[in-house]
Amino acid sequence: MSLQHPQRQSPSTNRHHVCKLGRDVAAERKFKISTVQIVSATPRMTIKVEIVLTGDSDGVFYPGQEVKGEVIVILTKTIRVSRIKLSVCGVGKTEWSEVDSESGRYLNLEQFLFQVNDAASSTIYSGKERYLYSELILAQINDFVPAGGYTYGFACPLPETIPASFEGTDGHIRYSLTATLERPWKPSKSHNYPFQVLRHLDLNEELLLPIKATHSKALGCWPCLPSGNLTMSVQLISNGFVPGQLIPALIQVDSRRNIKIRKITTVLIRKTTYSARSPKPRQRVESVVIGKHVSPGITLPEGGVLAEDNLQVPLVPPTSCYAKLLQTSYELKVALEIDTFFLQDPHSVITVPVVIGTIGERELEVSEEESVHLWSR
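Each chain has its residues counted from 1, following the order in which its sequence is written. In keeping with the predicted nature of the model, local features appear solely for residues at pLDDT of at least 70, side-chain atom pairs appear and are counted solely at 80 or more, and the whole-chain, interface and lining totals rest on all residues. Computation of side-chain values covers all heavy atoms of the structure but excludes hydrogens and water.

J.: Tell me about the packing of aromatic side chains, and name the residues and values.
T.: Side-chain rings of Phe, Tyr and Trp, where Trp is taken by its six-membered ring, are said to pair if the distance between their centres is within 6.5 Å; with planes under 30 degrees apart they count as stacked, over 60 as edge-to-face, and otherwise as tilted. Inspection of the entire model under this criterion finds 3 aromatic pairs. Between Phe61 and Phe195, the ring centres sit 5.7 Å apart and the planes meet at 90 degrees, which makes this aromatic pair edge-to-face. Of the two residues, Phe61 sits in strand β4 (residues 60–61) while Phe195 sits in strand β11 (residues 186–197), which places them 134 residues apart along the sequence. Of the two residues, Phe61 and Phe195, neither departs from the other in class, the shared state being buried. Between Tyr175 and Phe195 the ring centres are 5.9 Å apart and the planes differ by 35 degrees, which places this aromatic pair in the tilted class. Taken as a pair, Tyr175 in strand β10 (residues 171–183) and Phe195 in strand β11 lie far apart in primary sequence, 20 residues in all. Per residue, the accessibility class of Tyr175 equals that of Phe195, and both read buried. By way of ring pairs, the aromatic residues Phe61, Tyr175 and Phe195 are connected into one cluster. Criterion for a charge above a ring: Lys NZ or Arg CZ within 6 Å of the ring centre, and within 35 degrees of the ring normal. Between Arg80 and the ring centre of Phe144, over which it is positioned, the NZ or CZ distance is 5.3 Å. One residue, Arg199, lies across the ring of Tyr322, its end atom 3.7 Å from the ring centre. By the criteria applied, helices consist of DSSP H or I runs no shorter than four residues and strands consist of E runs no shorter than two, each listed in order from the N terminus. Only protein chains enter the calculation, and the probe is 1.4 Å; a residue is then buried if its accessible area is under 20% of its type maximum, exposed if over 50%, and partly exposed in between.

These figures come from the coordinates and say nothing about function on their own.
This is the structure:
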């Protein structure tokens, strides 16, 4: 690599005039002019360290692949260098705060009514986990290095077990390369290059079966006006799906009375579980609705009704359980809003866990005896 040195500029001959106002005994005004010559400073020495990836990765890798590239060092002056090294790191961190409502006391009626406690303290929960760290000495020099450009190639294989990159509200998983030029008795010069890790989840390697969840509610104000039960069930032909695929939910409602269902709402929820280890083990679950479909209401005849609702899976990361601090799971919720005075709570909700992958499952026939049944009351 050729290096072009910047041209040295000649000292500037510009003059700056400073005026001072003085007065003699006769109150005559005289101006004393002082001349200051400003000389341009010598160009500062430049040390440039840069990481350039080779290949068609675009900074995105999968476990088991090699991160290949070059570390480029450019010097505009001869300097003493101890060594040049490269490190690759993958770290997961979580942190959030929770208010300790038990501490302190309410000072007035307004604080008590609105649950506002000025004396309440908060606790910060945090966790850290290292998934990858490796250091490579590119050059052990301990000598003077003349001005010029220098290139050092590298290849870092990624382990098969590392989790995918993740960015959340209370935590993240990040990977990066760091090239460092170390100098004796001088500050080091570093360059950080973040990269992303993605994981494939092949649904053909997961244990996926047809799944059925059932929920029952008592009609009437028991024990005064018992009016039987309302049974609702949701059945999926499989609990594994990929982005872009439709989730066909088979919904069945059984009752001995004519009941009107106002609407059927199907939502897909992503649940992120953040774990902390300090000051004590703690978990926080964040639920986000990533897909929603609302069907119009229907009249439920005596004996029940059978309906099917389809919800498309958006482009989301796959289910992840490779990290202890951060885990991602998905669930399908089907909610019925019932128009009847026989129920104190007109809503009936069923939750079914699902797995989101990146590679769809192949056609496979499964008998009814092998289906998984979930019962909830």
